[in-house]
Amino acid sequence: MTAATTPATATTVSAVIFDWGGTLTPWHTVDLHDQWRHYARAYDPTHGDEVSAALRAAEDEAWRRSREEHRATAFDAIVRAGGLEPSGPAHQRGVEAYRAWWEPHTLSDPDAAPLFRALHERGIRVGVLSNTVWPRDDHELVFARDGVLDLIDGAVYTSEIAHTKPHPEAFRAAMAAVGVDRPEHCVFVGDRLFDDIHGARSVGMRAVHVPHSEIPDVQRGHTDGEPDAVVQRLADILPLVDGWRSGSATAGERTRPAVTGRDG
């Protein structure tokens, strides 16, 4: 764990909000075309690579809008943009194949459950804010499978709202979900320096970086935010938060940018 070396002052921490992919779920480098190949062929066995390529192109466009315009997209919209109808038995077969393909890549970090419990013991709420095209049900299936769903006090999945990180409205939605109205009382934990760290600090939250994801250059934003601390594993967050709350941490307080209505 690394942090700034100036003396800290005690501060309230009411909530710790986590990114999902690459943070609560360790990063996996995967073949994103293959996910759509499984969906398309389960949807209709006669579908060839041209169908999965159209679906992949639609997803790429959705992530471009997220990265450049901070606009959210839902899974069904991608399917429709790829030329298929996101309803009926064929779609359901596709969704089941898609979920099965992702199963080994969505396992929660073993540190997550004990960390969440320890935060609750301290009266600190646990939140999730994920840039995602998946519906809430898919994320909750993953969290329930791993025994952490009941430990999450509030979650925001950008497939359900208008904006994605680093837009301030995404972070404000996450604060509302955990019932906290002061960003300086929130800590955000994520693996992406643009979406997570820059975004969280832009609204006045503390930001903790988990630096293990191999993020492709095409997924990087225009700004690398400067975290308040860097941790090598989720378990390191607890002593960091304890230090901030007691004023004994070395993380210190850095100058925080003014809150604005858009990404800066």
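None of the values given here were measured: they were computed from a predicted structure.

Engineer: Is there a simple way to explain the overall build of the protein chain in this structure?
Structural biologist: Scanning the protein chain from N- to C-terminus turns up nine helices and seven strands. Out of the 264 residues in the protein chain, the part that is buried amounts to 52%. Sequence-distant contacts, at least 24 apart, represent 73% of the contacts inside the protein chain between residues at least 6 apart.

Engineer: Can you walk me through unusual backbone geometry in this structure?
Structural biologist: Cis peptide bonds are those with omega within 30 degrees of zero, and the linkage from Lys165 to Pro166 qualifies with 15°. Along the polypeptide, Pro166 turns up in the loop between strand E4 (154-157) and helix H7 (168-178). Backbone geometry at His70 places phi at a positive 60°, although glycine is not the residue there. Within the fold, His70 resides in the loop between helix H2 (49-69) and helix H3 (75-81).

Engineer: Could you clarify how one ought to interpret the pattern of salt bridges in this entry?
Structural biologist: Side chains that carry opposite charge are capable of pairing whenever their charged atoms lie near each other. Inspection of the entire model under this criterion finds 22 salt bridges. Between Glu68 and Arg64 there is a salt bridge, and its shortest N-O distance comes to 2.9 Å. With Glu68 and Arg64 both in helix H2, this residue pair falls four residues apart, about one helical turn. Overall, Arg64 belongs to the partly exposed group, its relative accessible area being 23%. Of the charged contacts, one joins Glu69 and Arg71 as a salt bridge, the two residues approaching to 2.6 Å between their closest N and O atoms. Since its relative accessible area comes to 32%, Glu69 is described here as partly exposed. Connected via shared salt-bridge partners are Glu61, Arg64, Arg65, Glu68, Glu69 and Arg71.

Engineer: Just checking my understanding: could you explain empty space enclosed by the protein for this structure?
Structural biologist: It is a probe the size of a water molecule, rolled over the atoms, that shows where empty space is left. Applying the stated rule across the entire model yields one cavity of 30 Å³ or more. Its volume calculated, the largest cavity comes out at about 50 Å³. What lines the largest cavity is Ala62, Trp63, Ser66, Arg71, Ala72, Thr73, Thr132, Val133, Thr158 and Thr164. Partitioned by chemical class, the residues of the lining of the largest cavity number four nonpolar, five polar and one charged.

Engineer: Explain the pairing of E4 here, please?
Structural biologist: For a regular strand, side-chain orientation follows a simple rule: the groups alternate between the two sheet faces. Burial of the side chains of E4 extends over both faces: Gly154 and Val156 are buried on one face and Ala155 and Tyr157 on the other. Here strand E3 (residues 125-130) pairs with E4 via four bridges, running parallel. Its bridge partner being in E4, Leu129 is matched across the sheet by Val156. In terms of handedness, the path from E3 via helix H6 (residues 136-145) over to E4 forms a crossover that is right-handed.

Engineer: Explanation requested: the packing of helix H1 (residues 32-43) against H2 in the structure shown.
Structural biologist: Packed helix pairs are specified by the crossing angle of their axes together with the interaxial distance, meaning the distance between the axes. Closest axis-to-axis distance for the H1/H2 pair is 8 Å, and the angle between their directions is 125°. Comparing their axes, H2 and H1 come out oblique. Between H1 and H2 lies a crossing of right-handed hand. Taken together, the residues of H2 that come into contact with H1 (itself represented by Leu32, His33, Gln35, Trp36, Arg37, Tyr39, Ala40 and Arg41) are Asp49, Val51, Ser52, Ala53, Leu55, Arg56 and Glu59. Tallied by class, residues from the contact of H1 with H2 come to seven nonpolar, three polar and five charged.

Engineer: I'm lost on the layout of surface pockets in this one. Help?
Structural biologist: Put simply, the second largest pocket is a space of about 150 Å³. Looking at the lining of the second largest pocket, the elements that each hand over two or more residues are helix H4 (88-102) and H6. Of the residues forming the lining of the second largest pocket, the biggest block, four residues, is contributed by H6. Looking at side-chain class alone, the lining of the second largest pocket contains five nonpolar, one polar and four charged residues.

Engineer: Looking at this structure, I do not really get the packing of aromatic side chains. What am I missing?
Structural biologist: A full pass over the atoms with the stated rule returns 12 aromatic pairs. On the numbers, 4.9 Å between centres and 65° between planes, the contact of Phe75 with Tyr98 is edge-to-face. Of the two residues, Phe75 sits in helix H3 while Tyr98 sits in helix H4, which places them 23 residues apart along the sequence. Of the two residues, Phe75 and Tyr98, neither departs from the other in class, the shared state being buried. Here the aromatic residues Trp20, Trp36, Tyr39, Tyr43, Phe75, Tyr98, Trp101, Trp102 and Trp134 are joined through ring pairs into a cluster of three or more. Here the basic side chain of Arg206 rests over the ring of Trp244, its NZ or CZ set 5.2 Å away from the ring centre.

Conventions used here
Residues numbered from 1 in each chain as written. Predicted model: local features only at pLDDT ≥ 70, side-chain atom pairs only at ≥ 80, totals over all residues. Heavy atoms only, no water. Helix = DSSP H or I, 4+ residues; strand = E, 2+ residues; numbered from the N terminus. Buried < 20%, exposed > 50% of the residue type's maximum accessible area, 1.4 Å probe, protein only. Contact = heavy atoms within 4.5 Å. Salt bridge = Lys/Arg side-chain N within 4 Å of Asp/Glu carboxyl O. 1 Å grid on protein atoms, 1.4 Å probe; cavity = no way out; pocket = protein on both sides within 12 Å on 5 of 7 lines; lining within 4 Å. Points joined across faces, edges and corners; volume = space filled by probe spheres on them. Nonpolar A, V, L, I, M, F, W, Y, C, P; charged D, E, K, R; others polar. Pairing = 2+ DSSP bridges. Right-handed = clockwise from strand over helix to strand, strands pointing away. Axes fitted to C-alpha atoms, helices over the stretch in contact; angles between N-to-C directions. Parallel < 35°, antiparallel > 145°, perpendicular 65-115°, else oblique. Left-handed = near helix turned anticlockwise from the far one by under 90°. Phe/Tyr/Trp six-rings, centres within 6.5 Å; stacked < 30°, edge-to-face > 60°. Lys NZ or Arg CZ within 6 Å of the ring centre and 35° of its normal.

Read these as geometric descriptors, not functional statements.
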